[in-house]
Amino acid sequence: MWLNQHDDLSRREFLLNAIGGTVGLCLSGPLAFGLSRDQLAEVDSDSEQPLIGRVPRPLDAETPVDSFHSWLTPNHRFFVRSHFGPPAGDLAHASAWQLRVQGLVDRPLTLSLGDLRQFEEVTVTAVLQCSGNGRAFYRPQTPGVQWERGAVGNARWTGVRLRDVLQRAGIQSSARHVHMQGADRPVSERTPMFIRSIPLSKALHQDTLLALRMNDEPLPLLHGAPMRVITPGWMGESCMKWLTDLTVQEDEAKGYYMDTAYRYPSEPIEPGKPADRIRMLPVEAMVVKSVIVQPTDAMVVHRGPVVVEGVAWTGEGRIATVDISTDDGRTWQQADLFREDVSYVWRQWRLVWQANEIGSCTVLARATDDAGHVQPPTSPWNPGGFLWNGMDRIRLRVDA
Amino acid sequence: MKIPSMLAWAFGSLLMVALVGARTDNAGIPETSDTDHVAQRLLAARCTVCHSIELIVQQRLDRDHWGTIVKKMSSWGAEVSELEQEVLVAYLASRYHPNAGPVLAEEPEPKLFPSIDKAQGNAKRGQNLYGQNCVPCHGLQGIGGVGPKLAGNQVLTDAPRFWETVLNGRAGMPSWGTILSGQEIADIHSWLQTLK
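Keep in mind the model is a prediction, meaning the values are calculated, not measured.

Cut-offs applied
- Positions within a chain are numbered from 1, following the residues in the order the chain's sequence is written.
- The order in which chains are written sets their letters, starting at A; the order in which ligands are written sets their numbers, starting at 1.
- Side-chain atom pairs in this predicted model are given and counted only at pLDDT of 80 or more, local residue features only at pLDDT of at least 70, and totals for whole chains, interfaces and linings cover all residues.
- Only hydrogens and water are removed before side-chain values are computed, so all heavy atoms of the structure are retained for them.
- Only buried residues count toward a nonpolar core. Its members are Ala, Val, Leu, Ile, Met, Phe, Trp, Tyr and Cys residues joined through side-chain atoms within 4.5 Å.
- Burial here depends on accessible area, computed with a 1.4 Å probe over protein chains only, as a share of the maximum for the residue type. Under 20% is buried, over 50% is exposed, and the range in between is partly exposed.
- Each helix is a run of DSSP H or I of at least 4 residues and each strand a run of E of at least 2, with the numbering of both proceeding from the N terminus.
- Residue contacts are defined here by distance: any two heavy atoms, one from each residue, within 4.5 Å place the two residues in contact.
- For any pair of parts, buried area is found by adding up, for both, the accessible area (1.4 Å probe) each one loses once the two are put together.
- We define a salt bridge as a side-chain nitrogen of Lys or Arg found within 4 Å of a carboxyl oxygen belonging to Asp or Glu.
- Residues adjacent in sequence count toward polar contacts only when both atoms are side-chain atoms; beyond that, a polar contact is any pair of N or O atoms within 3.5 Å, and within protein one must be able to donate a hydrogen and the other to accept it.
- Throughout, the ten residues Ala, Val, Leu, Ile, Met, Phe, Trp, Tyr, Cys and Pro are labelled nonpolar, Asp, Glu, Lys and Arg are labelled charged, and all others, Gly among them, are labelled polar.
- Start and end positions for the domains come from either an automated domain assignment or a database one.

1. Considerations on the nonpolar core
Step number 1: Counting residues in hydrophobic clusters, the biggest one holds 56 residues, and the most contacted among them are L116, L210, M227 and L243 of chain A.
Step number 2: Among the elements that line this core, the one with the most residues is helix 4 (residues 162-169) of chain A, at four residues.
Step number 3: Of all hydrophobic cores here, the second largest spans 22 residues; its members include F162, I179, I188 and W191 of chain B.

2. Some words on the interface of chain B and chain A
Step number 1: Taken residue by residue, the interface counts 24 residues in chain B and 21 residues in chain A.
Step number 2: Of all residues in chain B, the largest losses of buried area upon contact with chain A belong to C50, Q58 and W76 of chain B, amounting jointly to 30% of the total for that side.
Step number 3: For the pair chain B and chain A, the number of links is zero salt bridges.
Step number 4: Scanning the region where chain B abuts chain A turns up 11 residue pairs in polar contact (both at pLDDT 80 or more).
Step number 5: Broken down by secondary-structure element, the contributors of at least two residues to the side of chain B that touches chain A are helix 3 (54-57), helix 4 (63-75) and helix 7 (135-138) of chain B.
Step number 6: Looking at which element gives the most residues to the side of chain B that touches chain A, the answer is helix 4 of chain B, with five residues.
Step number 7: The class makeup of the residues in the side of chain B that touches chain A is 10 nonpolar, 10 polar and four charged.

3. Focus: the domain arrangement of chain A
All names here are of chain A.
Step number 1: When the domains of chain A are assigned, the result is domain 1 (91-131 + 149-282) and domain 2 (289-399).
Step number 2: Between the C-alpha centres of domain 1 and domain 2 there is a distance of 31 Å.
Step number 3: Taken together, the contact between domain 1 and domain 2 spans 27 residues of the former and 18 residues of the latter.
Step number 4: For the domain 1 face of the interface with domain 2, the top three residues by lost area are V127, S131 and R149, together amounting to 26%.
Step number 5: If you look at where domain 1 meets domain 2, you find two salt bridges.
Step number 6: Here R149 ties to D392 by a salt bridge, and the two come within 2.6 Å at their closest N and O atoms.
Step number 7: On inspection of domain 1 and its partner domain 2, the count reaches eight residue pairs in polar contact (both at pLDDT 80 or more).
Step number 8: Put simply, the parts of the chain that give the side of domain 1 that touches domain 2 at least two residues each are strand 5 (121-129), strand 6 (152-161) and strand 13 (263-265).
Step number 9: Take the side of domain 1 that touches domain 2: its biggest share by element is five residues, from strand 5.
Step number 10: By residue class, the composition of the side of domain 1 that touches domain 2 is 13 nonpolar, eight polar and six charged.

Laid out in structure tokens, this is it:
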């Protein structure tokens, strides 16, 4: 039984699972996200640095792009975005965990992890991405964590359907939105809580999960143990970690993280200017995007065949083509796509380029999805720096 | 130096800043001024309580943006007065502006106060100081939060360890030796010892 591992999780295993298996983050300095320094010593066992730290406390760290050679991103190399960091150890312990379901439901529920065994187990492979991934490339720069290319990953998520749990509670006819809250708390009581909502239609989608496992391991603490929401095709802020409360309501959730953050203007605005009097839309689905994994920027390659490869993904649809330019966008060649052609996952792509001319060149990758959306040269500027999907670009030198 | 006199000094420096104008030399490298030291102490004492300094130093924003952010942080619980907000915004905008390079020197450690005297504490003053400085992490009445519970904590009876922790910081706790005077730390110590 896949849930038993949660019930039996010892304190030590729990700590080891904080960041995914026995391989730890190698960050120096105090990391006050609920683990003490001694506790961290238990998980800090690998000399390799699996993640690029952006903010040590609360932890924000992105995946080095070379890890995307692997179709599934290993848990210990999966990016971490924290609003406040995990709840203190005892609060997050699986044996005491309770999920409350209330609001516009006929039968409010309080479920333990064991209670979830009554629901069908489901696995969905899906890309999870921070909506600020690529924020560092916007000019003028926008405030927030300056993510570059690695606040994204592809993982197998296993759990139960959110739909099944909501239907057990009995959704009333006036319900339109599902509010979500986790067990994480800000340092100051005056800091707004991280509360999000998703429309009922997304909550009832057959692929929207309450995930308890990630890549066939118990969900690591930094990724929301014991339970997080996964909204395949949508950005990470809808994928509430350390989930404790689902409240069905008629309206969207209120508060900073719904009303102000995670919104972008409905029409183009002048870069650097405020979006006054322009309707702001909530960030929901991901946008079509590709990343070049190999070669890497500033690399020197030899004349002859050069393998150019990477990954490409989009929102709820599928990738149609990935085109590569080795002359800064003047001409394009279509790459081959690999792995399953299904929704939510990323496709791996590869092109063998005959590098005949010695000198410097710029390589671009441009993905197109099945709805006809094409990756633009640069993304429309927005004040929050969300949804960057500008064509990925590297510079190479070809030597004899 | 005590906080009130520090603020008076900050205010004086601020007036000077207003008179002198931009604090960058021709090469665009900010000079270090007394106001900078005040700002550096505020960053350590008021901002890194909730998040580490890296979140700040990776930003490249103009003065208006910094003003908006500092005001938001104040409304979210950062203990900064309006005067302190002005000092912070001036510092951040002079150092982390859109034309600053991608990599800057590390945010300097704030200067230590010249002397830390382990004076006799006053619990009443300590209660106030605790509310201004310690409560976000250690909770009302020292019941604990992000930081450990302090009411009845053994560290209160181990004076060398208490002073070492407060002066130099420990785990996620910043060093308060740069923020509080010895008298103020002694005051807080006295008040904490009254808690059960």
